[in-house]
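Structural characterization, general
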Amino acid sequence: MTQPSGKNLRFERVTKSFGSVNVLCDTDIEINAGEFVTLLGPSGSGKSTLLNIAAGYLDPTSGSVFIGDRDVTNIPARHRQIGMVFQNYALFPHMTVEQNVAYGPTVQKVNKAGIKRRVAEALATVQMQEFASRPIQALSGGQRQRVALARAIAVEPDVILMDEPLGALDRQLRKDVQLEIRRLHEKHGRTTIYVTHDQEEALVMSDRIAVMRDGEIVQVGTPKDLYSKPDSAFIASFLGESNL
């Protein structure tokens, strides 16, 4: 991997409640600079909620979030230096590929030369430079996801957050893009949190995996550690019946 270019991300006793429903309970975890950590768990386990708190789209009920040495708990999403990749791509359909990727740096008030450089570098990174002038509607699902990745990279973020980004792709294309995301991570070295409920995806892509259940992180470890030394029957069964 290249020298890490991201910053560490830390959650301290983060909780989230919606009315009387507790979605996250006293969550503590630190993602090291340049690390690829997957939040893995069944639907409703709290993983997307934790990601959205990291992004600034949700406020925690209590607890703190740090990016590097900065407490960002009460800082708006646009000032957190994060890149976000969604399952539905969230691209602007009326814009070209190039215009979509340029959107973030434009909002950041980067000068024209800087925007041009960032867009060119981001599209080259995801091997989409030949598609710069194409409209979004003319792209396949896999190509749209690459543009979404390029847009996240173009803001030169401290942390990249991915919320089930491959959920809309068919199985073979998912495998191809999994390898592409991992290759990109090894190239740019940015701190990455990846959310999925797909065990195989987590095992293939991650430096570490945080398994979540009912709003709590129940085990954190490398894919090898979690697979060979699960802390509970739940983790063993969730990662594969052969473990049981």
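Residues numbered from 1 in each chain as written. Predicted model: local features only at pLDDT ≥ 70, side-chain atom pairs only at ≥ 80, totals over all residues. Heavy atoms only, no water.

**Observations regarding the packing of helix α3 (residues 112-125) against helix α4 (residues 141-154)**
Their axes nearest at 9 Å, the elements α3 and α4 cross at an angle of 140°. Classified by the angle between their axes, α3 and α4 sit oblique to one another. The two elements α3 and α4 meet at a crossing, and its hand is right-handed. Here Arg-118, Ala-122, Leu-123 and Thr-125 of α3 lie close against α4, whose contacting residues are Ala-150, Ile-153 and Ala-154. Residues belonging to the contact of α3 with α4 are distributed by class as follows: 5 nonpolar, 1 polar and 1 charged. (Axes fitted to C-alpha atoms, helices over the stretch in contact; angles between N-to-C directions. Helix = DSSP H or I, 4+ residues; strand = E, 2+ residues; numbered from the N terminus. Parallel < 35°, antiparallel > 145°, perpendicular 65-115°, else oblique. Left-handed = near helix turned anticlockwise from the far one by under 90°. Contact = heavy atoms within 4.5 Å. Nonpolar A, V, L, I, M, F, W, Y, C, P; charged D, E, K, R; others polar.)

**A look at the pairing of strand β2 (residues 21-31)**
With 7 bridges connecting them, strand β1 (residues 9-18) and β2 associate as antiparallel partners. By the bridge assignment, Lys-16 is partnered in β2 with Leu-24. (Pairing = 2+ DSSP bridges.)

**Some thoughts on the sheet that holds β2**
Taken together, 4 strands build an open sheet; the order of strands is β2-β1-β4-β5 and the sheet is antiparallel. The open sheet is flanked by β2 and β5 (70-71), the only strands paired with a single partner. In the sheet, strand β4 (residues 62-67) pairs with β5 via 2 bridges, with the strands oriented antiparallel. When the sheet's bridge partners are listed, Ile-67 is paired in β5 with Arg-70.

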